[in-house]
Amino acid sequence: MDIVANFQDLVAQVPELVQPVIVALAGAVPFIEGEGATTIGILGGLNPVVAVAAAAIGNFLCVLVLVLLTSGARSAIVNRRTADEVVLATGGTRSASAPDETIRAMDEDYAMSGRKAARMAKFQRALDRYGVPGVSLLGPLLLPTQFTSTMLAAGGFGKARVLFWQAIAILVWSTVFGVVISRVVQGAN
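Because the structure is a prediction, the values reported are computed rather than measured.

1. A closer look at the environment of Ala53
Thought 1: You can see Ala53 is positioned in helix H4 (residues 48-89).
Thought 2: Judged by relative accessible area, which is 35%, Ala53 ranks as partly exposed.
Thought 3: Taking the C-alpha atoms as reference points, Ala53 and Gly178, separated by 125 residues in sequence, lie 9.8 Å from one another.

2. Considering helix H6 (residues 114-138)
Thought 1: For H6, with 25 residues, the first-to-last C-alpha span of 24 Å runs short of the 36 Å given by 1.5 Å per residue.
Thought 2: Gly131 marks the point of greatest bend in H6, at about 115°, and the proline Pro133 comes within the next four residues.
Thought 3: Among all positions in H6, only Phe123, Leu127, Val132, Gly134, Val135 and Ser136 are buried.
Thought 4: At its buried positions, H6 is contacted by helix H7 (145-154) and helix H8 (159-188).

3. With respect to the packing of aromatic side chains
Thought 1: Following the criterion strictly, the structure yields two aromatic pairs and no others.
Thought 2: On the numbers, 5.7 Å between centres and 85° between planes, the contact of Phe31 with Phe147 is edge-to-face. With a gap of 116 residues between them, Phe31 in the loop between helix H2 (19-27) and helix H3 (33-43) and Phe147 in helix H7 connect regions that are remote in the sequence.
Thought 3: Seen from their ring centres, Phe164 and Trp165 are 5.2 Å apart, and the 85° between their planes marks the pair as edge-to-face.
Thought 4: According to the relative accessible area criterion, Trp165 is partly exposed, its value standing at 23%.

4. Some thoughts on the nonpolar core
Most often, soluble globular proteins have nonpolar side chains that are buried together.
Thought 1: Grouped together as the largest cluster of nonpolar side chains are 15 residues, with contacts concentrated most on Phe7, Val23, Ala26, Ile32, Ala37 and Ile40.
Thought 2: Taken together, the elements giving at least two residues each to this core come down to helix H1 (2-13), H2, H3 and H4.
Thought 3: Apart from the residues lying within four places of it in its own chain, the contact partners of Ile40 are Val4, Phe7, Gln8, Val11, Ala26 and Ile32.
Thought 4: Core analysis: the second largest hydrophobic core is formed by 12 residues, Val63, Leu127, Val162 and Ile170 among them.

5. Thoughts on the packing of H2 against H3
Thought 1: Two elements in contact, H2 and H3, have axes separated by 7 Å at closest approach and are oriented at 150°. Comparing the axis directions of H2 and H3 gives the class roughly antiparallel. When the axes of H2 and H3 are compared, the crossing they make is right-handed. Of H3, the residues touching H2 (which contributes Val23, Ala26 and Gly27) are Glu33, Gly34, Ala37, Ile40 and Gly41.
Thought 2: Taken together, the residues of the contact of H2 with H3 sort by class into four nonpolar, three polar and one charged.

Rules behind the numbers
- Residues numbered from 1 in each chain as written.
- Predicted model: local features only at pLDDT ≥ 70, side-chain atom pairs only at ≥ 80, totals over all residues.
- Heavy atoms only, no water.
- Helix = DSSP H or I, 4+ residues; strand = E, 2+ residues; numbered from the N terminus.
- Buried < 20%, exposed > 50% of the residue type's maximum accessible area, 1.4 Å probe, protein only.
- Expected span 1.5 Å × (residues − 1).
- Bend = angle between axes of the 7 residues up to and from the residue.
- Contact = heavy atoms within 4.5 Å.
- Phe/Tyr/Trp six-rings, centres within 6.5 Å; stacked < 30°, edge-to-face > 60°.
- Core = buried A, V, L, I, M, F, W, Y, C linked by side-chain atoms within 4.5 Å.
- Axes fitted to C-alpha atoms, helices over the stretch in contact; angles between N-to-C directions.
- Parallel < 35°, antiparallel > 145°, perpendicular 65-115°, else oblique.
- Left-handed = near helix turned anticlockwise from the far one by under 90°.
- Nonpolar A, V, L, I, M, F, W, Y, C, P; charged D, E, K, R; others polar.

This is the structure we're talking about:
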């Protein structure tokens, strides 16, 4: 919570023209995201529309970078596996594959232990039930958009589809928080 307070203090201390940039930076931080950054901006004295726009832009830019990186990494892995299969199918050998497979199996066993496995199962059930749109729109209730979008991109869903639904989710949640917080602030005055 110190980071939220630090962002609020920073917004209050910088010139008005720089405040939306601080709010956008806050929006890029997981667990603060567009919703928290919108709140920071409004409580820091920004116009609610400016706060929502800056927070949503910051959150989306972070998600954009993560989706592009994750999709690129996934493509590289899929392409490497395809190339390895072609080499082996044509009679080639890959002497280093056994250690790679052992390490990969150990990593998967370690990664899927305990709470992490439970979270992945919960995410998979939500994905099966609601699809990319539902997970994107409901995801912020459980996980930051950065995590949700990364898991979707790693799962092989198209970049454009993931980004489209994440953008809608970020805008919807930031706007909802903007309306609620601005009404609370108006009621307090």
